[in-house]
Amino acid sequence: AGVLDLPDERCPAVRDDLSLVPGADIAGQLRFILENGSYMAEVLLRSFGHAFQMYAPGFIGTFGWLSVKLPLPVVLGGYFLLVFTTLSGETASKALLPAQRVFFLGLFIILFILVFVSQHLLWDPVGGELISNIQGRYLIPLVPLLLLSFSAKFIPRQWLPFLIGAYVIWSTSMAIISIYSKFYF
């Protein structure tokens, strides 16, 4: 059997209970990607633009099956804190070399694309125009690579513990309220 003759090795007890998209086929999708040169790049770009409004808040503020969302100020506060921490994170003795930054950024880009390609292979119909079923939380393990490639010491660190503590208390309180409101009201 060749690489394009992949069996569907997902456990039948699980696989048969999933809501698979009609036309989803790993081997067929892989074959289609390999036979259509620019197809995957076009689908990636189209999908990033189409679903950014889901990925961005979902990275910080969406729980479960996309049904519980944190308020927008909490999500924006989380992004602010990520940027603030990144720009106040490096000391002169621990500065990353430019080659290390490029390596981390390149690794982030490769892994980011692989997350999307893997989902397209598994869950989308062969030749589909968009990559579906990506949630922002799938990108959480990749973000440290991105932040390391841009870390710098532009902002003094003295406010960092206070900001992180305040955000943790605020965001946790809002999460509890959001979950309670969704399931108990």
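Residues numbered from 1 in each chain as written. Predicted model: local features only at pLDDT ≥ 70, side-chain atom pairs only at ≥ 80, totals over all residues. Heavy atoms only, no water.

Before going further, it helps to examine the overall build of the protein. A tally of regular secondary structure across the protein gives 7 helices and 2 strands. For the protein, the succession of helices and strands along the chain, N to C, is α-α-α-β-β-α-α-α-α. Long-range contacts, defined here as pairs at least 24 residues apart, represent 75% of the contacts in the protein between residues at least 6 apart. Only carbon and sulfur atoms are counted for the fraction: they give 73% of the accessible area of the protein, which is about 11600 Å². (Helix = DSSP H or I, 4+ residues; strand = E, 2+ residues; numbered from the N terminus. Contact = heavy atoms within 4.5 Å. Areas by Shrake-Rupley, 256 points an atom, 1.4 Å probe, with all protein chains shown as cover.)

Judged by nonpolar contacts, the single largest core of 20 residues is most densely connected at M40, F112, F116, I131, I134, L139 and L142. The biggest single contributor to this core is helix α5 (residues 98–123), with 7 residues. The contacts of F116, once residues within four sequence positions are left out, are L44, F48, Y55, I131, I134 and L139. Residues L70, V75, L81 and A175 belong to the second largest nonpolar core, which totals 6 residues. (Core = buried A, V, L, I, M, F, W, Y, C linked by side-chain atoms within 4.5 Å. Buried < 20%, exposed > 50% of the residue type's maximum accessible area, 1.4 Å probe, protein only.)

A cluster of nonpolar side chains, contributed by I179, Y180, F183, Y184 and F185, occupies part of the molecular surface with about 640 Å² of accessible area. Looking at where Y184 falls in the secondary structure, it is placed in helix α7 (residues 160–184). (Patch = residues over 30% accessible without salt bridge, like charges linked within 9 Å, V, L, I, M, F, W, Y side chains within 5 Å. Salt bridge = Lys/Arg side-chain N within 4 Å of Asp/Glu carboxyl O.)

This brings us to the packing of helix α3 (residues 39–61) against α5. α5 packs onto α3 with a crossing angle of 100° between their chain directions and a minimal axis gap of 11 Å. With respect to α5, the element α3 is oriented roughly perpendicular. Across from Y39, M40, V43, L44, F48 and Y55 in α3, the residues of α5 making contact are F112, I113, F116, V117 and H120. Here the residues of the contact of α3 with α5 are counted per class, giving 10 nonpolar, 1 polar and no charged. (Axes fitted to C-alpha atoms, helices over the stretch in contact; angles between N-to-C directions. Parallel < 35°, antiparallel > 145°, perpendicular 65-115°, else oblique. Nonpolar A, V, L, I, M, F, W, Y, C, P; charged D, E, K, R; others polar.)

Let us look at the packing of aromatic side chains. Under the definition given, this model contains 11 aromatic pairs. Members of the aromatic cluster, joined through ring pairs, are F48, Y55, F108, F112 and F116. (Phe/Tyr/Trp six-rings, centres within 6.5 Å; stacked < 30°, edge-to-face > 60°.)

Let us now look at the side chain of T86. Within the fold, T86 resides in helix α4 (residues 72–87). Classification of T86 as buried rests on a relative accessible area of 11%.

Below, the discussion takes up helix α6 (residues 143–150). Taken residue by residue, α6 has V143, L145 and S149 as its buried positions. Down the axis of α6, the buried set is contained in an arc of 160°. They therefore lie on one face. Packing partners of the buried residues in α6 comprise α3 and α5. (Arc of directions from axis to C-beta.)

Looking at the secondary structure, you find P73 in helix α4. Classification of P73 as partly exposed rests on a relative accessible area of 49%. Considered as a pair, P73 and S171 are 98 residues apart in the sequence and their alpha carbons are 9.5 Å apart.

By the secondary structure assignment, S178 is in helix α7. In this structure S178 comes out as buried when scored by relative accessible area, which is 14%. Each residue touching S178, except ones within four places of it in the same chain, is listed here: V68, K69, L70 and P71.

With 23 residues, α3 should cover 33 Å at 1.5 Å per step; its first-to-last C-alpha distance of 32 Å lies within 8% of that length. Bending of α3 peaks at approximately 70° at the position of A51. Turning to α3, its buried residues number three or more, namely Y39, M40, V43, L44, S47, A51, Y55, A56, G58, F59 and G61. In this structure, the buried side of α3 is in contact with α2 (26–35), β1 (62–63), β2 (68–69), α4, α5 and α6. (Expected span 1.5 Å × (residues − 1). Bend = angle between axes of the 7 residues up to and from the residue.)

The next thing to look at is the confidence of the model for the protein. On average, the protein scores 84 in pLDDT, and the residues at 70 or more come to 86%. Element-level mean pLDDT values for the protein span from 54 in helix α1 (residues 12–15) up to 94 in α5. (pLDDT = per-residue confidence, 0-100.)

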